[in-house]
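Overview (structure and organization)
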Amino acid sequence: MSTLSVHPAQSVQSTVLAANEASEHRPLIISLFAVFVVATLIITVWAGRQTKSASDFYAGGRQFTGFQNGLAVSGDYMSAASFLGIAGAIALFGYDGFLYSIGFLVAWLVALLLVAEPLRNSGRYTMGDVLAYRMRQRPVRTAAGTSTIVVSIFYLLAQMAGAGVLVSLLLGITSDAGKILIVALVGVLMIVYVTIGGMKGTTWVQMVKAVLLIAGALLITFLILLKFNFNLSDLLGTAASNSGKGSAFLEPGLKYGVSSTSKLDFISLGVALVLGTAGLPHILIRFYTVPTAQVARKSVNWAIGIIGAFYLMTIVLGFGAAALLKPGEIIASNKAGNTAAPLASLEIGGGGDSAGGAILLAVISAVAFATILAVVAGLTLASSSSFAHDIYANVIRRGQATEKEEVRAARWATVAIGVVSIALGALARDLNVAGLVALAFAVAASANLPTILYSLFWKKFTTQGALWSIYGGLTSSVGLVLFSPVVSGKATSMFPDVDFAWFPLENPGLISIPLGFLLGWLGTLLSKEEPDKEKYAELEVRSLTGTGAH
Amino acid sequence: MQQSAEFGELRTAHRSFAFPLTIAFIAWYLLYVLLSNYAGGFMDTKLFGNINVALVFGLAQFLTTFLIAWWYSRHAATKLDPKAEAIKSRMEGGA
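Within chain A, the regular secondary structure consists of 24 helices and zero strands. Along the first, second and third principal axes, the C-alpha atoms of chain A reach 70 × 55 × 40 Å. In chain A, of all internal contacts separated by at least 6 residues, the share reaching a separation of at least 24 is 82%. Averaging the positions of the 35 positive and the 28 negative side-chain charges in chain A gives two centres separated by 8 Å.

Next comes the structure, spelled out in structure tokens:
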């Protein structure tokens, strides 16, 4: 293992070489990636042949087992944010990056205890189904469709940012044209996956990807731990001293402890993370792919196990990157730290001038690509389903569309959303991918979670309450982001040269989530219409027992 | 059916378990977030080697998440599923 010993000087040199070395091994990276693409395309075509009805396209025929769906849920959830973003955040800010892992995991309990099972029982294809059950169909479905598409596009933006980052590191493509080409390639692939394979194809792609991601993370975690003789304390100590920040690197506060504003930002992020998951449309529709609520419960339990294990590994990946690399190199490679995990794998494999390093870098990058591709497909499916089922079939066609027309609309929506996300992909390159995803979580927690919970559990909830909550949560969260330092006013902003950031927090959750809940309550209280008691009775029985579930 | 005593029991069995537990784990999680923010001295205490209270607290969140998931699933399988199944088969049998 002597090749693994790292001297700081050598480490700087080797990573400076990384991009060049990586481009030397470009054929290897490209062929690994091509293998994944070909394999998933075969799966997609195979699944596409079995996709005949709307239920096949939207819900994969509802025949997946708890373990299969648990794996697919994990695949959908462990995005580029988890892999690249969290490792990067820990590598740069030490302990503060760890909050992401914890919030992303604890959040699953909300889904498990309150949402997964009743949703499975009472809905059919989309989140809007549950809300529309006892409300006025058209306004509620329009609102649900809108917020589904907005949340998914926020999330897509994060994935596309991750794709751009990886490409410039791995393939040595630094020209804008080259990056746009790769983002376009990702977009085209995801359109193919979703239009041909539907939910069935997408679910299998998620499963393959989840296995690859776990295997890749396990390999690097094992190698990093091996280097430190499985002594976590030693690993942390090296990370702390190597970071140049000493023991503060292992303590809370390095990123969020600097001022009272940043402390509020930390709370805001924490709240958004824990409440966002159960409002993410692409996660919610996964529960429709299983036959019963009990199986939905099993799939959440599998997901909690798999995702929990993965996030435990991000601790080693992140602190490992901090221990093996100089903070300067991580920032030099990507301002937001998104390349820390791939760089660490290069280093642990023997550095930039070794075959081992290049191979590991190629493997990890292919895994990260696979991750992005699969999550992007899941997000696109969620938004095109919602467009076709909620907005096209039930609002525009007032429930008169045939199954065939509905699925055709979903396929066209997929193409449109693919094109939009390709266009947005170039915008957000230097933002931390985990940070961007956290924004999607904040929007989901503000606009979707309150209405879902009220619909399922509050007898008096009305259409007006639902609309106030969805639109209020949506506009306040997106609006606050628009006027936050994420968009303008700082060197790391999307538009660093202008400053219209009057809202000090990067994450809007602390304001917009309570507002979403408050508006749902207030809208209900002030509405003139009586809630439909009979429909609620029906919904309640159905959501808890599965009577009459699709 | 929604008015029946049998369904009332199922609803109570679900709500009286899921609601307090949700409040509890969110409070426990927020405690962690707030301590990280405002109790630096306590969280920075080193327990052994470079392992400090903050890290152990974070790992404890993982542990409690796994435990709560397991606990809820056991409750659901023993207390909720049989009741739900009975109501469902009666209603669908009658329909």
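So much for the structure itself; the text now carries on.
A separate point is the pattern of salt bridges. Scanning all chains against the criterion turns up 12 salt bridges over all chains. One salt bridge in this structure joins Arg141 of chain A and Asp129 of chain A, with 2.9 Å as the shortest N-O distance. Taken together, the positions of Arg141 of chain A in helix H10 (residues 137–170) and Asp129 of chain A in helix H9 (residues 127–132) put the pair 12 residues apart, joining distant regions of the chain. Taking relative accessible area as the criterion, Arg141 of chain A reaches 6% and is therefore assigned buried. When its relative accessible area of 6% is taken as the criterion, Asp129 of chain A is described as buried. Note that Lys535 of chain A is salt-bridged to Glu538 of chain A, the shortest N-O span being 3.9 Å. With a gap of three residues between them, Lys535 of chain A and Glu538 of chain A both fall in helix H24 (residues 533–545), about one helical turn apart. Overall, the relative accessible area of 42% leaves Glu538 of chain A in the partly exposed class. Linked by salt bridges that have partners in common, Glu117 and Arg297 of chain A together with Asp81 of chain B make up one network.

Residue and element names in this part refer to chain A. By secondary structure assignment, the location of Ser488 is in the loop between helix H22 (463–482) and helix H23 (509–525). For Ser488, a relative accessible area of 0% puts it in the buried group. A polar side-chain atom of Ser488 sits 3.0 Å from the main-chain amide nitrogen of Phe500. Ignoring anything within four residues of it in the chain, the contact list for Ser488 reads Ser493, Phe495, Val498, Asp499, Phe500 and Ala501.

Residues and elements named next belong to chain A. Of all hydrophobic cores here, the largest spans 214 residues; its most connected members are Tyr77, Tyr100 and Trp108. No other element matches helix H18 (residues 355–396), which puts 20 residues into this core. Ignoring anything within four residues of it in the chain, the contact list for Trp108 reads Val73, Tyr77, Thr277, Ile283, Phe287, Val300, Ile304 and Ile307.

Cut-off values and rules
- Starting from 1, residues in each chain are numbered consecutively following that chain's sequence as written.
- Going through the entries in the order they are written, you letter the chains from A and number the ligands from 1.
- Only residues with pLDDT of at least 70 are given local features in this predicted model, and only at 80 or more are side-chain atom pairs given and counted; all residues enter the totals for whole chains, interfaces and linings.
- Water and hydrogen atoms play no part in the side-chain values, which are based on all heavy atoms of the structure.
- Numbered from the N terminus, helices here are DSSP runs of H or I no shorter than four residues, and strands are runs of E no shorter than two.
- Any two residues whose heavy atoms approach within 4.5 Å at even a single point are treated as in contact.
- Neither His nor the chain ends contribute to the count of charged residues, in which Lys and Arg are positive and Asp and Glu negative.
- To locate a charge, the coordinates of NZ of Lys, CZ of Arg, CG of Asp or CD of Glu are taken.
- Think of a salt bridge as a Lys or Arg side-chain nitrogen and an Asp or Glu carboxyl oxygen that are within 4 Å of each other.
- Exposed residues in this analysis have more than 50% of their type's maximum accessible area, buried residues have under 20%, and partly exposed residues fall in between, with area computed by a 1.4 Å probe over protein chains only.
- Counting of polar contacts relies on pairs of N or O atoms within 3.5 Å, with two restrictions inside protein: one atom must be capable of donating a hydrogen and the other of accepting it, and residues adjacent in sequence are counted only when both atoms are side-chain atoms.
- We call a set of buried Ala, Val, Leu, Ile, Met, Phe, Trp, Tyr and Cys residues a nonpolar core when their side-chain atoms join them within 4.5 Å.

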